[in-house]
Amino acid sequence: MIQAPPPAAPKPGILIVTLHEGKGFSLPPHYHQSYGSQQMGGSMSTGSGFGVAGSMRGDPSTARTPGGMAGSYANGRQPATGINAAPTIHGRYSSRHLPYALLDFEKVQVFVDAVSGSPENPYWAGDNTQYKFDVSRATELNVQLYLRNPNARPGAGRSEDIFLGVCRVNPRFEEQKQYVEDPKANKKDKERGAAAFAQQARQLGQSGAEWIEVGFGTGSVRIGVAFVENRQRTLKIEDFELLKVVGKGSFGKVMQVKKQDTHRIYALKTIRKAHIISRSEVAHTLAERSVLAQINNPFIVPLKFSFQSPEKLYLVLAFVNGGELFHHLQREQRFDINRSRFYTAELLCALECLHGFNVVYRDLKPENILLDYTGHIALCDFGLCKLDMKDEDRTNSKIPSIMVSYP
C-alpha cells in the first residue's frame, strides 16, 4: 500500500462534532441467542481501559454460562428480546445499557455515552454537547459504536464490549458559505445556479447534520459536523496546559498536554535547539518534522502542530493512550498467530507508506509501536529516520527553510 502524497492541507481550524440519535441498531448474529438470557443486573462492564486487537471483541467463546434476567419492568411486561434485552426501571434504560460511541479523528479518540432512548434507538446529547477536534489535515471522522458486554470478564474494561458498527464521515474543511443570487438573472437561471451551488457544496464534504449509514452493522446515526477556521496562525506554549511528563531523553522530554481551546489531549515533544546543534542532530530533527507533516496514514502517529520559541522546538502529536506494544508483549509473553498477523499487516502498511515517501525507518522495535483504544497500531518516534533523496532533490529540498519558519 504505497501511498501518494496527500492533498493540500486545509486551513487551520476546529472540527465541531455533535451526536444526535441512532436508529435500527442490532446485535451481531452470534449474540442473538445468548444476549437475552444472560444475567444483566449489576454485571455490565463499566471499565475504562482500551481494546487490544487480539482480544477478539464480541468473541462468544468468552461468554459465561447464561443466567436469569434481572431488573424490574414497567407494568409487568415481559422483557424485550434482541438488543433491547436489558433491564429497565419504570420503562427507562440505564445509560450503561445504552450504546456508546468512540469518535476517532486523526488518532484523537473520545468516548461519548448515549443519554436516553433504547439500545436499538439511542439518543445522545445533540447540540447540548459538542466535541471539538483540531484540524491539521483533511481526513475522515470515524464514529465506532459499541454496547457494553454483560458477559465481559472482570477487569476486561472495554476490550470485550460488543461492536455494533462504524460510521465514516467526510467533513467539509472550510466554513459554510451562503448562496448569493444574481439579481439580474431570471427565475429559471436562479434555480439552476442554486442547484449547482448546492451540488458543489456536497462534493466538498458534509457540513451540518446528516443521517449516516452504519457499516459492518445495521441502522444509521444522525451526526453533525461543522468547521470553524482558526485565524490565529501561530501557537505558543501558553496555549497548552501541561499535565505530566511521560518521557525524557537527551533531546528534551515528552509531556502530556491539554490544548486550552479544544480540551484535546496531546503529546508535546520539546527539543532544545542548542542540544541538536551541538550533537549534529539538525538533519534528523528536520527529517522527523518533515516526514510527519506530510504523511496521513492510520498506522502512523500524526503530527498535529509544530512551533518554536527562541530556545526550543515543539512537536505536538496525537496522544496514543493504549501503551507500547513492548508492554503488552512483556505482560502476555506471547501473542497468538491471529494477533501477530494483525499487528504485522498494519506495520507493513505503515512501512510501505514511508517507503512511498523515500523514507527509511531505522529504529523499528516494540517500544516504538503504540496501540490506540481500539487495538490498532501507531508507529512513532521518527528521530532516526533517513530521507533517501536524489542529489537534485537534496539541492531543491525545502527542509532547511522549515527550520527557519517552523510554523
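This one's a predicted model, so the numbers in the text were calculated from it and none came from an experiment. (Residues numbered from 1 in each chain as written. Predicted model: local features only at pLDDT ≥ 70, side-chain atom pairs only at ≥ 80, totals over all residues. Heavy atoms only, no water.)

## Quick look at the state of the cysteines
Structurally, a disulfide amounts to a covalent bond that connects the sulfur atoms of two cysteines.
Inference 1: Applying the stated criterion to the full structure yields zero disulfides.
Inference 2: Here Cys349 is not disulfide-linked; the sulfur of Cys353 is the nearest cysteine sulfur, at 9.3 Å. (Disulfide = S-S within 2.5 Å.)

## Some thoughts on the environment of Asn142
Inference 1: By the secondary structure assignment, Asn142 is in strand 9 (residues 141-147).
Inference 2: Here Asn142 falls in the buried class, since its relative accessible area comes to 14%.
Inference 3: C-alpha separation for the pair Asn142 and Leu103, spaced 39 residues apart in sequence, amounts to 6.0 Å.
Inference 4: With residues up to four places along the chain from it excluded, the contact list for Asn142 reads Leu102, Leu103, Asp104, Val166, Cys167 and Arg168.
Inference 5: Within the structure, Asn142 has its side chain in polar contact with the side chain of Arg168 (distance 3.0 Å). (Helix = DSSP H or I, 4+ residues; strand = E, 2+ residues; numbered from the N terminus. Buried < 20%, exposed > 50% of the residue type's maximum accessible area, 1.4 Å probe, protein only. Contact = heavy atoms within 4.5 Å. Polar contact = N/O pair within 3.5 Å; in protein donor to acceptor, adjacent residues only side chain to side chain.)

## Thoughts on the side chain of Asp372
Inference 1: Here Asp372 shows up in the loop between strand 19 (369-371) and strand 20 (377-379).
Inference 2: Side chain to side chain, Asp372 and Lys107 meet in a polar contact 2.9 Å long.
Inference 3: Here the side chain of Asp372 touches Gly375 through a polar contact of 3.0 Å, landing on its backbone nitrogen.

## Quick look at the sheet that holds strand 5 (residues 108-113)
Inference 1: Read across the open sheet, the four strands follow the order 5-4-9-10; overall the sheet is antiparallel. The sheet is open, and its two borders are formed by strand 5 and strand 10 (162-169), each paired with just one other strand. The mean inter-strand angle of the sheet, taken between neighbouring strand axes irrespective of direction, is 20°.
Inference 2: Pairing geometry for strand 9 and strand 10, over seven bridges, is antiparallel. Residue Asn142 lies in a different strand from strand 10, and its bridge partner there is Arg168. (Pairing = 2+ DSSP bridges. Axes fitted to C-alpha atoms, helices over the stretch in contact; angles between N-to-C directions.)

## Structural notes on the packing of aromatic side chains
The geometry of an aromatic ring pair comes down to the distance between the two centres and the angle between the two planes.
Inference 1: Counted by the stated rule, this structure contains 12 aromatic pairs.
Inference 2: The interplanar angle of 55° and the centroid separation of 5.6 Å between the aromatic rings of Tyr146 and Phe163 together place this pair among those described as tilted. Here the residue Tyr146 occupies a position in strand 9, and Phe163 occupies one in strand 10, the gap between them amounting to 17 residues.
Inference 3: Residue Phe163 is classed as partly exposed on the basis of its relative accessible area, which comes to 28%.
Inference 4: Arranged with centres 6.1 Å apart and planes meeting at 85°, the rings of Phe173 and Phe227 form a pair that is edge-to-face. Taken together, the residues Phe173 in the loop between strand 10 and helix 1 (187-203) and Phe227 in strand 12 (residues 220-229) connect sequence positions 54 residues apart. Both residues of the pair, Phe173 and Phe227, belong to the buried class.
Inference 5: Cluster of aromatic residues (ring-pair linked, three or more members): Tyr100, Phe111, Tyr146, Phe163 and Tyr373.
Inference 6: In this arrangement the basic side chain of Lys23 is found over the ring face of Trp211, its NZ or CZ atom lying 4.3 Å from the centre.
Inference 7: In this arrangement the basic side chain of Arg158 is found over the ring face of Tyr100, its NZ or CZ atom lying 4.7 Å from the centre. (Phe/Tyr/Trp six-rings, centres within 6.5 Å; stacked < 30°, edge-to-face > 60°. Lys NZ or Arg CZ within 6 Å of the ring centre and 35° of its normal.)

## Some thoughts on the confidence of the model for the chain
Inference 1: Of the residues in the chain, 79% have a pLDDT of 70 or more, and the chain-wide mean is 79.
Inference 2: In the model of the chain, helix 7 (residues 399-405) stands out as the element of lowest mean pLDDT, 23, in contrast to strand 7 (residues 122-123), which has the highest, 98.
Inference 3: Here residues 39-76 scores under 50 on pLDDT; set against residues more than four positions off or in separate chains, the count is 101 contacts.
Inference 4: Under a pLDDT of 50 for its full length, residues 386-407 has, in the predicted model, 34 contacts with residues more than four places off or in other chains. (pLDDT = per-residue confidence, 0-100.)

## Section: the environment of Val246
Inference 1: When you line up the elements, Val246 lands in strand 13 (residues 240-249).
Inference 2: Excluding anything up to four places from it in sequence, Val246 contacts Val254, Met255, Gln256 and Phe319.

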